[in-house]
Amino acid sequence: MYINKAKTIVLKIGSSNLVDSRGKLKEKWLNSFVKDIKKFKKKGKNFVIVSSGAIALGQNSLNVKKKKLKIEMSQALASIGQIYLTNIYRKIFEKNKINIGQILISPDDTEQRRRAINIKRTFENLFKLDAIPIVNENDTTATSEIKYGDNDRLAARVAQIISANVLINFSDVDGLYESSKYKKIIKNVNDINEKIFSFVDNKKTAYGSGGMSTKLEAAKICMSAGCHMAIANGKHFNPLERLIKKNQCTWFIPKVSSLDARKKWIASSIGSNGKIFIDTGAHKALENGKSLLPAGIIKVEGKFSKGDNVLILDDGGKALARGLTSFSSIEIDKIKGLKTDQIESILGYFSKSEIIHRDDMVKL
Ligand code: GLU
């Protein structure tokens, strides 16, 4: 069982695990969950909890019944509810003599390399202090364009950044159903392909934002980062112990990867800032592990700056690779199709010959 062997485990708790359909906190359940963690923490494991529930608890405390909220309103309610959420965790963990820390994350924190390294350090130091980081999205300032929106992908990105061995995505379903009618779940997934996506039933719960698709996106991130991910039902008491005993869940098995930490981070980026379309010559060069030069670029799409994460596609629109660009979209537009020795005369300065260096690129 992957959990027994893991050193660092991320547990993602959905709002539906934490609050009932009337928006009330399931305190008994939370007590049993914390007891589980205490038991396994004694075996020397590091735990991280990614917990939703800020908006739901904010609604509950102010008696806001409405299900479809405007973003400004959910930001304000999250700001109120996040205090409740942290207090509840603090109260229960304190009873169990475990310290916790709160980490609120925005996409910029994980998608900018320097900030991601800072996050990693904070987690490592919390582990040194024997504390459990409790993570949520910084909902109070995030607007829809710059928001994860679901804690599924956020939890996966955190797992990747801190090199966690296992992420358990506790939800209100037993796993990925092959047939929802017969409640038959798929035990192991080695590759997320169209067939796997065809099993998606995106029914959402009253409070959670993610559905099965965001869970599969999260699994993709974990698989390319070398982290095992499970989708499991968290609604029972002692959900972790139960999962270890029964192994009733869907496991997503990571690919064996020779990528270093930096390339794993590039590979599992959330979204991209733009697109670069290349010709067959450049495609061949990338296949042979070469860098991307201006000569093979056909066109550029989107506005991005130097250092941004972009997708590289063939002329038919198939994504081939992603990487950190050394030139902005405006610069690339001016030098696309040209030879490297023409860069200086067109731009008026010389910076680099590669648009994306092979060290900053991963094939998809
Ligand atoms: N961050 C949101 C909250 O705490 C929930 C996001 C999700 O449901 O995944 O309320």
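For the structure, check the block above.
Keep in mind the model is a prediction, meaning the values are calculated, not measured.

Considerations on the packing of helix α4 (residues 54-62) against helix α5 (residues 71-95)
Then, in step 1: Contact pair α4 / α5: the axes reach a minimum separation of 6 Å and the direction vectors enclose 95 degrees. With respect to α5, the axis of α4 lies roughly perpendicular. When α4 is examined against α5, the residues Ala-54, Ile-55, Leu-57, Gly-58, Gln-59, Ser-61 and Leu-62 are found in contact with a partner set consisting of Ser-74, Leu-77, Ala-78, Ile-80, Gly-81, Gln-82, Tyr-84, Leu-85 and Ile-88.

Here we look at the pattern of salt bridges
Then, in step 1: Applying the stated criterion to the full structure yields 18 salt bridges.
Then, in step 2: When the shortest N-O distance is used, the salt bridge between Asp-360 and Arg-262 registers 2.2 Å. Residue Asp-360 is located in the loop between α15 (343-347) and β15 (361-363), and its partner Arg-262 is located in helix α12 (residues 261-267); the two are separated by 98 residues in the primary sequence.
Then, in step 3: In this structure, Asp-333 engages Lys-336 in a salt bridge whose closest nitrogen and oxygen atoms are separated by 2.9 Å.
Then, in step 4: A single network of salt bridges, built from pairs that share partners, joins Lys-12, Asp-152 and Lys-215.

Some words on the packing of aromatic side chains
Then, in step 1: Per the counting criterion, the structure on display carries 4 aromatic pairs.
Then, in step 2: Taking the centre distance of 5.1 Å and the plane angle of 10 degrees together, the rings of Trp-29 and Phe-33 count as stacked. Here Trp-29 pairs with Phe-33, and both are found in helix α3 (residues 27-41), just 4 residues apart, close to one helical turn. Grouping residues by exposure puts Trp-29 and Phe-33 together as buried.
Then, in step 3: Centroid distance Tyr-89 to Phe-93: 6.3 Å. Interplanar angle 25 degrees. Geometry classified as stacked. Linking Tyr-89 with Phe-93, this pair stays in helix α5, spanning 4 residues, or about one helical turn. Each member of the pair, Tyr-89 as well as Phe-93, is classed as buried.

Things to note about the pairing of strand β2 (residues 46-51)
Then, in step 1: In terms of burial, β2 is a largely internal element, 6 of the 6 residues being buried.
Then, in step 2: Residue alternation in β2 divides its side chains into two sets, Asn-46, Val-48 and Val-50 and Phe-47, Ile-49 and Ser-51, and both sets are buried.
Then, in step 3: Pairing between strand β1 (residues 8-13) and β2: 6 bridges, direction parallel. In the strand pairing of β2, Lys-12 is matched with Val-50.
Then, in step 4: Inspection of the sheet shows β2 paired to strand β4 (residues 131-137) by 2 bridges, in the parallel sense. Across the sheet, the residue bridging to Val-50 is Val-135, located in β4.

About the cut-offs
Residues numbered from 1 in each chain as written. Predicted model: local features only at pLDDT ≥ 70, side-chain atom pairs only at ≥ 80, totals over all residues. Heavy atoms only, no water. Axes fitted to C-alpha atoms, helices over the stretch in contact; angles between N-to-C directions. Helix = DSSP H or I, 4+ residues; strand = E, 2+ residues; numbered from the N terminus. Parallel < 35°, antiparallel > 145°, perpendicular 65-115°, else oblique. Contact = heavy atoms within 4.5 Å. Salt bridge = Lys/Arg side-chain N within 4 Å of Asp/Glu carboxyl O. Phe/Tyr/Trp six-rings, centres within 6.5 Å; stacked < 30°, edge-to-face > 60°. Buried < 20%, exposed > 50% of the residue type's maximum accessible area, 1.4 Å probe, protein only. Pairing = 2+ DSSP bridges.

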